[in-house]
Amino acid sequence: MLMPGLNSITEPSSVTSLRLARTPSMEYPVGTGHEHLVRGGLWVGALSADQNGAFIGVTTAAKDGFTGDAAAGATEFSPEGDRMTVRSSLPNNRRFSPNAVSERDVIGHFDDLLAKRGQDQNEDHRPLGITVRQENYSWSFADYQHMVFFHYVITNTGAPLRNVYVGLYNELASGPKNAFSQWPPPGAWFSKKQIGWVDSLNLFTERYCQSLPIPANCQYSITPEVVGLKLLGVRPGTINDPLDKKVTMQAWDYAPGNADRDEDVELYGLMSAGTKTVLNPLPADLSPRDGDPAELLAVGPFAQVNPGDSIEVDFAYIGSANEIDLIKRARTAQRAYDLNYIVPVPPPSPLL
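Below you will find a few notes about this structure. (Residues numbered from 1 in each chain as written. Predicted model: local features only at pLDDT ≥ 70, side-chain atom pairs only at ≥ 80, totals over all residues. Heavy atoms only, no water.)

### Side note on the overall build of the chain
The criterion, for reference: Every helix listed is a DSSP run of H or I at least four residues long, and every strand listed is a run of E at least two residues long, numbered separately from the N terminus. As defined in this context, the radius of gyration uses C-alpha atoms, and a globule is described by 2.2 Å times the residue total to the power 0.38. Only protein chains enter the area calculation, which uses a 1.4 Å probe; residues under 20% of their type maximum are buried, those over 50% are exposed, and those in between are partly exposed. Contacts between residues were defined by any pair of non-hydrogen atoms, one from each residue, lying within 4.5 Å. Here, Shrake-Rupley sampling with a 1.4 Å probe gives the accessible areas, and only protein chains in the shown set may cover a residue.
Across its full length, the chain carries three helices and 14 strands. Radius of gyration (C-alpha) of the chain: 19 Å, near the 20 Å computed for a compact globule of 352 residues. Considering only C-alpha atoms, the chain reaches an extent of 55 × 55 × 40 Å along its principal axes. A burial count over the chain gives 55% of its 352 residues as buried. By sequence separation, contacts in the chain at least 24 residues apart represent 69% of the contacts at least 6 residues apart. Working note: accessible area of the chain is about 14200 Å², and carbon and sulfur atoms make up 54% of it.

So, in structure tokens, the structure goes:
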């Protein structure tokens, strides 16, 4: 998805991954070669049942993986169809649609109906029977050009699901791609992450930091931007009432195939914890130079999702030149969600 402010990739399987090619992956600002995302994807967990009985299942689109891993092998989702739909709210755009939400909507469909084992999993995937409609919204003006919205509609096509949790896994990692003649980059790229959490905004943040101590040895000027992932809301329900929905933020030191995260019961425990990893001060295994954090932002439970029912969860990826503007833009993103993405738009350019 390309915008004046932020450039990222979305795929029908909801996976964004670091490629052998130099294709941008959350490049921000566009054209700088400053990349901020290695991989990311949707997680859905629930209590379900199939012909073999009751089980705790988690369908993942991305997990800790190695540089150059193919997205298709990492995900337990499968695309529905071979293309994504693009539409626009701009009257003079060739993809204009009265149903468009933003200047550029990108829509894809995928499901977990195929029982395939994801990479570095210790067990076969047991489908939850869900289909997912992913809609991305973006605008080209004001603060909106610095964010991409992810709107997920998750529909149950199988047995009743109980205590459903939805999350986004990410490995945010900022760095100067154009400074590397070799691609994929060497391992030093991944140990320069300064992460943070703003609890009042449900906002996870990441920026480049060369080494400890912070900020003296960070050398922020190498990649000065700050990026964030924000949980915006759910339907039905509300994230503002902890008796209704719990927000979980987990962060761990990157470790593909780690025995603590290679079975669905363990992943569901991470999603449903309702706690936030303490990042102030940063523990050693999550600190620049000494750690290589990956993260999960999840919400739930949706107590019962019956066959044919749908739930909705929305996130936003945000970029900024500094923490102050990132907080401001996070609030702007929240207002957009609260107003059902009806944002104040400038008049369209005239037809010439």
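### A closer look at the pattern of salt bridges
The line we're drawing: Any carboxyl oxygen of Asp or Glu that lies within 4 Å of a side-chain nitrogen of Lys or Arg is treated as forming a salt bridge with it.
Applying the stated criterion across every chain yields a total of 17 salt bridges. Its salt-bridge partner being Asp64, residue Arg261 comes within 3.8 Å of it at the nearest N-O pair. Of this pair, Arg261 sits in the loop between strand 12 (246–253) and helix 2 (264–271) while Asp64 is found in the loop between strand 2 (53–60) and helix 1 (71–74), placing the two residues 197 residues apart along the sequence. Comparing Arg261 with Asp64, the two get one shared label, buried. Ionic pairing is found between Asp292 and Lys193, a salt bridge with its closest N-O pair at 2.5 Å. Residue Asp292 is located in the loop between helix 2 and strand 13 (293–305), and its partner Lys193 is located in strand 9 (residues 193–198); the two are separated by 99 residues in the primary sequence. Take Asp292 and Lys193: they sit in the same class, and that class is buried. Through salt bridges with shared partners, a single network forms among Arg39, Glu171, Lys193 and Asp292.

### A closer look at the state of the cysteines
Stated formally: Here, two cysteine sulfur atoms that lie within 2.5 Å of each other are counted as a disulfide.
The tally for this structure, following the rule as stated, stands at one disulfide. Between the sulfur of Cys209 and that of Cys218 lies a disulfide, 2.0 Å long from S to S. The disulfide joining Cys209 to Cys218 has a torsion of about -70° about its S-S bond and is therefore left-handed.

### Brief notes about the sheet that holds strand 13
Rules: Note: two strands are recorded as paired if DSSP finds a minimum of 2 bridges between them. Structural elements are reduced to axes, namely lines fitted to C-alpha atoms, with helices fitted over the stretch in contact, and the angle between N-to-C directions of any two is expressed from 0 to 180 degrees.
On the basis of which strands lie adjacent, the open sheet formed by five strands has the order 2-1-8-13-12 and antiparallel pairing. The strands lining the two open edges of the sheet, one partner per strand, are strand 2 and strand 12. Averaged over all adjacent pairs, the angle separating strand axes in this sheet is 20°, with direction ignored. One ladder, built from eight bridges, connects strand 12 with strand 13; its direction is antiparallel. Across the sheet, the residue bridging to Asp253 is Pro293, located in strand 13. The strands touched by helix 2 within the sheet are strand 1 (34–50), strand 2, strand 8 (161–176), strand 12 and strand 13, with strand 2 carrying the most contacts at an inclination of about 70°.

### Things to note about the environment of Asp260
Among the structural elements, Asp260 can be located in the loop between strand 12 and helix 2. On a C-alpha basis, the gap between Asp260 and Leu270 in space is 10.0 Å, while along the polypeptide they are ten residues apart.

### Describing the layout of surface pockets
Heads up, the condition is: Residues are called lining when one of their atoms sits within 4 Å of a cavity or pocket point, these points coming from a 1 Å grid over the protein atoms alone, where a cavity is a set in which a 1.4 Å probe fits but cannot get out and a pocket is an open set with protein on both sides within 12 Å along at least five of seven lines. Grid points are joined across faces, edges and corners, and a volume is the space filled by probe spheres set on the points. Only Asp, Glu, Lys and Arg are considered charged, only Ala, Val, Leu, Ile, Met, Phe, Trp, Tyr, Cys and Pro nonpolar, and every remaining residue, Gly among them, polar.
Estimates place the volume of the largest pocket at around 350 Å³. If you trace the largest pocket, you find 21 residues lining it, with Asn202, Leu232, Thr238, Ile239 and Asn240 closest to the centre. Looking at the lining of the largest pocket, the elements with two or more residues in it are strand 11 (226–235), strand 12 and helix 3 (323–338). In terms of residue count, strand 11 provides more of the lining of the largest pocket than any other element does, five residues in total. Among the residues forming the lining of the largest pocket, the class breakdown is seven nonpolar, seven polar and seven charged.

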